[in-house]
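# Observations on the three-dimensional arrangement
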Amino acid sequence: MANLSDLNIGFEASDEAVSSLIMRYDEGDLVVEVDCQRGDVWDTKRSSKLIESVCLGLPLPIFYTFEREDQSELIDGKQRFLSILKFVNNEYKLRNLKALKHLNGKYFKDLTRSEQKQIKSHKLHVYSTHADSDEAKYEIFERLNTGGTTLKAQEIILGLNEGTVSEFAKTVSQRIIDNRQERLASNKHKQLDAKVLQLMFFTENELDSANVTSNKRILHDVLTAPNFEDKLTQDYVDEASNLVSLTKESSYKVSEMLWPERGTQTENHSFREVFIYVFSKIGILANTLSKAEWRVIADPLERKLADFIKEDEENLLAFTYSTSRLPARKLRGQIARELVSSLDSII
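Residues numbered from 1 in each chain as written. Predicted model: local features only at pLDDT ≥ 70, side-chain atom pairs only at ≥ 80, totals over all residues. Heavy atoms only, no water.

In this section: the packing of aromatic side chains. Counted according to the given criterion, the structure contains 11 aromatic pairs. Through a chain of ring-to-ring contacts, the aromatic side chains of Phe87, Tyr92 and Phe108 assemble into a single cluster. Across the ring face of Phe63, the terminal group of Arg80 is positioned such that the distance to the ring centre comes to 4.5 Å. The ring of Tyr107 carries the charged tip of Lys109 above its face, separated from the ring centre by 5.6 Å. (Phe/Tyr/Trp six-rings, centres within 6.5 Å; stacked < 30°, edge-to-face > 60°. Lys NZ or Arg CZ within 6 Å of the ring centre and 35° of its normal.)

As a further point, take the packing of helix H1 (residues 18–26) against helix H3 (residues 78–88). At a minimum axis separation of 11 Å, H1 and H3 run at an interaxial angle of 90°. Accordingly, the angle class assigned to the pair H1 and H3 is roughly perpendicular. Mapping the contact onto sequence places Val18, Leu21, Ile22 and Tyr25 in H1 and Phe81, Ile84, Leu85 and Val88 in H3. Its residues placed into classes, the contact of H1 with H3 shows 8 nonpolar, no polar and no charged. (Axes fitted to C-alpha atoms, helices over the stretch in contact; angles between N-to-C directions. Helix = DSSP H or I, 4+ residues; strand = E, 2+ residues; numbered from the N terminus. Parallel < 35°, antiparallel > 145°, perpendicular 65-115°, else oblique. Contact = heavy atoms within 4.5 Å. Nonpolar A, V, L, I, M, F, W, Y, C, P; charged D, E, K, R; others polar.)

All right, on to a negative patch on the surface then. The grouping of Asp307, Glu311, Asp312, Glu313, Glu314 and Glu338 at the surface amounts to a negative patch. Taken together, the elements giving at least two residues each to the negative patch come down to helix H12 (291–311) and helix H13 (313–320). Structurally, the position occupied by Glu314 is in helix H13. (Patch = residues over 30% accessible without salt bridge, like charges linked within 9 Å, V, L, I, M, F, W, Y side chains within 5 Å. Areas by Shrake-Rupley, 256 points an atom, 1.4 Å probe, with all protein chains shown as cover. Salt bridge = Lys/Arg side-chain N within 4 Å of Asp/Glu carboxyl O. Lys, Arg positive; Asp, Glu negative; His and termini not counted. Charge placed at Lys NZ, Arg CZ, Asp CG, Glu CD.)

It is worth spelling out the pattern of salt bridges at this point. It is possible for side chains bearing opposite charge to pair when their charged atoms get close. For the coordinates displayed, the defined rule picks out 12 salt bridges. The shortest N-O distance in the salt bridge between Asp238 and Arg175 comes to 2.7 Å. Separated by 63 residues along the polypeptide, Asp238 in helix H10 (residues 234–258) and Arg175 in helix H7 (residues 164–178) bring together distant segments of the chain. Ionic pairing is found between Glu206 and Lys281, a salt bridge with its closest N-O pair at 3.2 Å. Note that Glu206 is positioned in the loop between helix H8 (188–204) and helix H9 (215–224) and Lys281 in the loop between helix H11 (269–280) and H12, a separation of 75 residues in sequence. Three or more residues are tied together by salt bridges with common partners; here these are Glu249, Lys291, Arg295, Asp299 and Glu302.

Before going further, it helps to spend a moment on H12. Between its first and last C-alpha atoms H12 spans 30 Å; for 21 residues at 1.5 Å apiece the expected length is 30 Å, and the two agree. Its maximal kink placed at Ile297, H12 deviates by approximately 30°, while the proline Pro300 follows within four residues. Those residues of H12 that sit buried are Trp294, Arg295, Ile297, Ala298, Leu301, Glu302, Leu305, Ala306, Phe308 and Ile309. Residues of H12 that are buried in the fold lie against H10, H11, H13, helix H14 (326–341) and helix H15 (343–346). (Expected span 1.5 Å × (residues − 1). Bend = angle between axes of the 7 residues up to and from the residue. Buried < 20%, exposed > 50% of the residue type's maximum accessible area, 1.4 Å probe, protein only.)

Shape descriptors only; they carry no functional weight alone.
This is the structure in structure tokens:
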């Protein structure tokens, strides 16, 4: 990530009526399909409380947009805006109101004309941000989302780049979960989406030995480069879901070699990143092999990685501590390239 001073971030503040923001959305000028927290959708109780605040004339938290040449992206305030939009469109009725109990059970159409006008004319504070790059957008979003559940950089980039490639990654992730190859835990979908996209990236790219590409840049490139859309086939769903699942298996095997005393092993994402790069070079071949045949390939790769980590403490720290720092990424890139080089003698 570049220094903040290099991102040329600016903003303009304005007050917009609810009706104005809804009109911009209806006309396609305002985009709200930002999916950084899948499943984080407000229920009617929470939405009703927001509408009650509007009816009471209370100011709402600031809404932030990121300005593009032809449209604005709502990068903070999605659930608040959708709660207002859905109520105005009569998609739910108010409930559990404390201060305005007489409005409980009412849709927008049931309100008096004066009450409807008060909602539509309510002023929303909007900060329109602008910058020279998407990198700045990610930085802005990450800094805005400091409350509640902390969002990781990969979740932010995935959420702010919804499209055919990200939808494909979701399809692969869901296949893995449906096949019980991964347990469904908090935000597991997003973690798997990122691994699928990393796999796609390395089918077309190599690790740069001088400056190992960060995961942020990998995800951004896959989600925005048009050439990756050629991979969006059913065959690749099968290939990618299998390869991503195999990286988990190999990650556990390496953990068992390094820490046999632990008994139950936990997932190491840095192990999986190395295997994602290596297995991307094996590709469809992995789908044609029996489990025993696959182990003939995977076993020596796992041993080589475990041996590398055991060599010295610096190698171990590259996989277990400050893993996002450039020196750690370079060390992991080094062993990943060595593992790929050894494939010719294994396969």
